[in-house]
Amino acid sequence: MQNDLFDSPASEPMQFSSAGFLLKQWLLPQATQLIDEVRNCVRLSPLRHFTTPGGKSMSVLSSNCGHYGWVADRQGYRYQRTDPITQKPWPEMPPQLAAKARQAATLCGFQGFAPDVCLINVYRPGAAMGLHQDKDEADFSQPIVSFSFGLPVTFLWGNTTRGGSPQRIELQHSDVLVWGGEDRLRYHGVAKLADGQHPATGNVRINLTFRMAQS
Ligand SMILES: O=C(O)CCC(=O)C(=O)O
Ligand SMILES: [Fe+2]
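Residues numbered from 1 in each chain as written. Chains lettered and ligands numbered in written order. Predicted model: local features only at pLDDT ≥ 70, side-chain atom pairs only at ≥ 80, totals over all residues. Heavy atoms only, no water.

Per an unreviewed UniProt entry, the chain is named DNA oxidative demethylase AlkB, and its organism is Idiomarina aquatica.

A.B. asks: So what's going on with the sheet that holds strand β11 (residues 175-179)? Residues and values would help.
C.D. replies: Note: strands within a sheet are paired through backbone hydrogen bonds, in either parallel or antiparallel orientation. Reading across from one edge, β1-β2-β11-β8-β13-β6-β3 is the order of the 7 strands in this open sheet, with antiparallel pairing throughout. Of all strands in the sheet, those with a lone pairing partner are β1 (14-17) and β3 (61-66), marking the two edges. Ignoring which end each strand starts from, the neighbouring axes of this sheet average 20° apart. Across 3 bridges, β1 lies against strand β2 (residues 20-23) in antiparallel orientation. Among the inter-strand pairings, Met 14 is bridged to a residue of β2, identified as Leu 22. Seen against the sheet, helix α2 (residues 95-107) touches β2, β8 (144-150), β11 and β13 (205-211) and runs at an angle of roughly 120° to β8. (Pairing = 2+ DSSP bridges. Helix = DSSP H or I, 4+ residues; strand = E, 2+ residues; numbered from the N terminus. Axes fitted to C-alpha atoms, helices over the stretch in contact; angles between N-to-C directions. Contact = heavy atoms within 4.5 Å.)

A.B. asks: Run through α2, naming residues and quoting values.
C.D. replies: Residues lying three or four places apart along an α-helix face the same way, a consequence of the helix completing one turn every 3.6 residues. The terminal C-alpha atoms of α2 lie 18 Å apart, and with 13 residues this matches the ideal 18 Å at 1.5 Å per residue to within 8%. Regarding α2, the residues found buried are Leu 97, Lys 100, Ala 101, Ala 104 and Ala 105. The buried side chains of α2 occupy one side of the element, clustering within an arc of 135° when seen end-on. In the core, the buried residues of α2 are packed alongside β2, α1 (31-44), β8, β11 and β13. Where α2 ends, the next residue or the one after it, Gly 109, has phi of about 95°, a positive value. (Expected span 1.5 Å × (residues − 1). Buried < 20%, exposed > 50% of the residue type's maximum accessible area, 1.4 Å probe, protein only. Arc of directions from axis to C-beta.)

A.B. asks: How would you summarise the site of ligand 1 if you had to cite specific residues and measurements?
C.D. replies: Close to ligand 1 lie 13 residues; Asn 121, Tyr 123, His 188, Arg 205 and Arg 211 are nearest. A distance of 3.0 Å is found between an oxygen atom of ligand 1 and a side-chain nitrogen or oxygen belonging to His 132. When isolated, ligand 1 has an accessible area of 290 Å², and the protein chains bury 97% of it. For the shell around ligand 1, the secondary structure elements donating two or more residues are β6 (117-123), β7 (129-132), β12 (188-190) and β13. At 4 residues, β13 tops the list of elements feeding residues into the shell around ligand 1. Of the residues in the shell around ligand 1, the class split is 5 nonpolar, 5 polar and 3 charged. (Near = heavy atom within 4 Å. Polar contact = N/O pair within 3.5 Å; in protein donor to acceptor, adjacent residues only side chain to side chain. Areas by Shrake-Rupley, 256 points an atom, 1.4 Å probe, with all protein chains shown as cover. Nonpolar A, V, L, I, M, F, W, Y, C, P; charged D, E, K, R; others polar.)

A.B. asks: Help me get a handle on the sheet that holds strand β10 (residues 167-171), residues and values and all.
C.D. replies: The strand order β7-β12-β9-β10 describes an open sheet built from 4 strands, whose pairing is antiparallel. The strands lining the two open edges of the sheet, one partner per strand, are β7 and β10. When the angles between neighbouring strand axes are averaged without regard to direction, this sheet yields 20°.

A.B. asks: Go over the coordination of the iron ion (ligand 2) with me, naming the residues and quoting the values.
C.D. replies: Here the iron ion (ligand 2) is held by the protein donor atoms His 132 (NE2), Asp 134 (OD) and His 188 (NE2), which lie 2.0 to 2.2 Å from it. Mapped onto the polypeptide sequence, the residues donating to the iron ion (ligand 2) form the spacing pattern H-x1-D-x53-H. When its relative accessible area of 4% is taken as the criterion, Asp 134 is described as buried. (Donors = N, O, S within 2.8 Å, 3.2 Å for Na, K, Ca; no water.)

A.B. asks: Could you give an account of the nonpolar core, naming the residues involved and the relevant values?
C.D. replies: Of all hydrophobic cores here, the largest spans 33 residues; its most connected members are Val 145, Phe 147, Phe 149, Val 176, Leu 208 and Phe 210. Among the elements that take part in this core, α1 stands out by supplying 5 residues, more than any other. Non-local contacts of Leu 208, meaning those with residues more than four positions away in its chain, are made with Val 38, Leu 97, Cys 118, Leu 119, Ile 120, Val 145, Ser 146, Phe 147 and Phe 149. In this structure, Leu 22, Met 58, Trp 157 and Trp 179 belong to the second largest nonpolar core, which totals 28 residues. (Core = buried A, V, L, I, M, F, W, Y, C linked by side-chain atoms within 4.5 Å.)

A.B. asks: Could you give me a rundown of the environment of Ala 10, with the residues and numbers involved?
C.D. replies: Examined against the element boundaries, Ala 10 turns out to sit in the segment before β1. Judged by its relative accessible area of 7%, Ala 10 is buried. Measuring from C-alpha to C-alpha, the distance between Ala 10 and Leu 23 comes to 5.8 Å, with 13 residues separating the pair along the chain.

A.B. asks: Kindly report on the UniProt feature "binding site: 2-oxoglutarate" (unreviewed entry) in the chain, identifying the contributing residues and their values.
C.D. replies: When the UniProt feature table is mapped to this numbering, "binding site: 2-oxoglutarate" (unreviewed entry) covers Asn 121, Val 122, Tyr 123, Arg 205, Ile 206, Asn 207, Leu 208, Thr 209, Phe 210 and Arg 211. Here Asn 121 is to be found in strand β6. Sequence-distant contacts of Asn 121, that is, excluding residues within four places in its chain, are made with Val 60, Leu 61, Ser 62, Met 129, Arg 205, Ile 206, Asn 207 and Thr 209. A polar contact of 3.0 Å, which involves the side chain of Asn 121, links it to the side chain of Ser 62. Along the chain, Val 122 falls in strand β6. (UniProt positions renumbered as here; feature names shortened; annotations may be inferred.)

Laid out in structure tokens, this is it:
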């Protein structure tokens, strides 16, 4: 499914897997405002490098907004209501962000998506995310909605088990990925971010991952 105009947001999702969809440049009209909302959130709950249970520092910088936040430390991966840095609840999820995530899910056939967490990931050049499954949520019947802003990156789409060579999906500023159903537990990740500059974000890529942590 091709856009008529290269620079206009997709009106229809591009299906890259049985229950995986890409909405090209779908957030372009709202991108500046949505990025501003994210900046407000990270003023309240700062970006940080989480440490994995294995003791490694993640290359991506992360924070959260919403009722829950995803955290990692020596004890494991989990969702919690408070930010371990500020000891306060995570900032509220900006309604405009939640509304766009819900609308994207609906467009891809997932009705009634009500995310209670938005994980904010900021990638600097050289940062990457290895193949993993999103499986810390209570209910896998809910999809995942993922926004990309700023520098382009290659998204890696694997299988439901480890191994095999992943499909490579090029993500640009304002693209949205939605996956769920039988693809909900697909391994996925992102390749190392290349150096660059983007008018909307400078030298970073911002990823927002919306999920329903609790059913
Ligand atoms: O940055 C991305 O596009 C993927 C992020 C991701 O998979 C995660 O945070 O679980
Ligand atoms: Fe993930």
